[in-house]
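# Per-entry structural report
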Amino acid sequence: ADDDVDADVADGDAFDDGDIGAPPSESGGYPYATSSVVGYVVGSLATEIVGSFRLLGDVSGLPALVFLVPSMLSAVTVMAWSRNELGEVWGAPPGDDDDGGGSGAAGE
């Protein structure tokens, strides 16, 4: 059994596409991690700009999560929408292929 593992490692086939911890494919990468990091940077910049220029008045101790959470969620949502995976990301029930166009009673 150890010989099989060693042969797989030597051939570069140690990871299958479905393995946990497998490196990303050449074209795939980590799109949701990348988009959430971009959202975090945008939220951090928004926090600094609003705090530095006192755009919301003389508010001390403005919580960063007011900007970080919406910007990260928005970035992930836009990424999921662009990849047509919105239902998968936000937990739509399996088999729910409705585009959100109402109750679907007209099509039955």
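What you see is a predicted model, and the numbers here were worked out from it, not measured in a lab. Along each chain, residues carry numbers from 1 onward, in the same order as the chain's sequence is written. It should be noted that, the model being predicted, local features are given only for residues of pLDDT at least 70 and side-chain atom pairs only at 80 or more, the latter also being counted only at that level, while totals for whole chains, interfaces and linings use all residues. Hydrogens and water molecules were not included; the side-chain quantities draw on all heavy atoms of the structure.

The next subject is the overall build of the chain. The helix and strand labels rest on DSSP assignments: H or I over at least four residues marks a helix, E over at least two residues marks a strand, and numbering proceeds from the N terminus. Looking only at helices and strands, the chain has four helices and zero strands in total. Starting at the N terminus and ending at the C terminus, the chain contains elements arranged as α-α-α-α. It only takes one pair of heavy atoms within 4.5 Å for two residues to be counted as in contact. Long-range contacts, defined here as pairs at least 24 residues apart, represent 49% of the contacts in the chain between residues at least 6 apart. Here the Shrake-Rupley method, with its probe set to 1.4 Å, supplies the accessible areas, and only the displayed protein chains count as covering residues. Here the chain displays about 8,500 Å² of accessible surface, and carbon together with sulfur accounts for 58% of that area.

Moving on, we come to the pattern of salt bridges. Salt bridges are defined as contacts in which a side-chain nitrogen from Lys or Arg sits within 4 Å of a carboxyl oxygen from Asp or Glu. Under the definition given, this model contains one salt bridge. Ionic pairing is found between Glu-85 and Arg-83, a salt bridge with its closest N-O pair at 3.3 Å. On the basis of relative accessibility, which here comes to 37%, the residue Arg-83 falls in the partly exposed class. Throughout this description, buried means an accessible area under 20% of the type-specific maximum (1.4 Å probe, protein chains only), exposed means over 50%, and partly exposed covers the range between.

When pLDDT is averaged along the chain, the result is 75; 58% of the residues meet or exceed 70. Per-residue pLDDT, averaged within each element of the chain, yields its smallest value for helix α1 (residues 2-11) (54) and its largest for helix α3 (residues 65-82) (94). For the stretch residues 101-108, pLDDT sits under 50, and the model shows zero contacts to residues farther than four places along the chain or on other chains. What pLDDT conveys is the predictor's confidence in a given residue, as a value from 0 to 100.

In an α-helix there are 3.6 residues to a turn, and that puts residues three or four apart on one side. Between the first and last residue of a helix there are one fewer steps than residues, each counted as 1.5 Å, and that sum is the expected span. Across its 23 residues, helix α2 (residues 31-53) extends 33 Å between first and last C-alpha, which sits within 8% of the 33 Å expected from 1.5 Å per residue. Those residues of α2 lying buried are Pro-31, Ser-35, Ser-36, Gly-39, Gly-43, Thr-47 and Val-50. Directly beyond the C-terminal end of α2, a positive phi value near 50 degrees is found at Arg-54.

For the rest of this paragraph, the subject is the side chain of Glu-85. Take Glu-85: it is sitting in the loop between α3 and α4 (86-89). In terms of polar contacts, Glu-85 uses its side chain to reach the side chain of Arg-83, at 3.3 Å. Counted as a polar contact is a pair of N or O atoms within 3.5 Å, where, for protein atoms, one must be capable of donating a hydrogen and the other of accepting one, and residues adjacent in sequence contribute only when both atoms are in side chains.

Along the chain, Ala-64 turns up in the loop between α2 and α3. Separated by 21 residues in sequence, Ala-64 and Gly-43 have C-alpha atoms that sit 7.9 Å apart.

We now examine the packing of α2 against α3. Where α2 contacts α3, the two axes come as close as 7 Å, and the packing angle between them is 145 degrees. Remark: the crossing between α2 and α3 carries right-handed chirality. Residue-level contacts link Pro-31, Tyr-32, Ser-35, Ser-36, Gly-39, Tyr-40, Gly-43, Ser-44, Ala-46, Thr-47 and Val-50 of α2 to Phe-67, Leu-68, Ser-71, Met-72, Ala-75, Val-76, Met-79 and Ala-80 of α3. By residue class, the composition of the contact of α2 with α3 is 12 nonpolar, seven polar and no charged. Between the N-to-C directions of two axes lies an angle of 0 to 180 degrees, each axis being a line fitted to C-alpha atoms and, for a helix, fitted only over the stretch in contact. Left-handed is the label given to a crossing in which the near helix is rotated counterclockwise from the far helix by less than a right angle, and right-handed is the label when the rotation is clockwise. Residues are sorted three ways: Asp, Glu, Lys and Arg are charged, Ala, Val, Leu, Ile, Met, Phe, Trp, Tyr, Cys and Pro are nonpolar, and all the rest, Gly among them, are polar.

A few words now on α3. Counted at 1.5 Å a residue, the expected span for α3 with its 18 residues is 26 Å, and the 25 Å between its end C-alpha atoms agrees. Those residues of α3 not exposed but buried are Phe-67, Leu-68, Ser-71, Ala-75, Val-76 and Ala-80. In the segment just after α3, Asn-84 is the residue with positive phi, at about 60 degrees.

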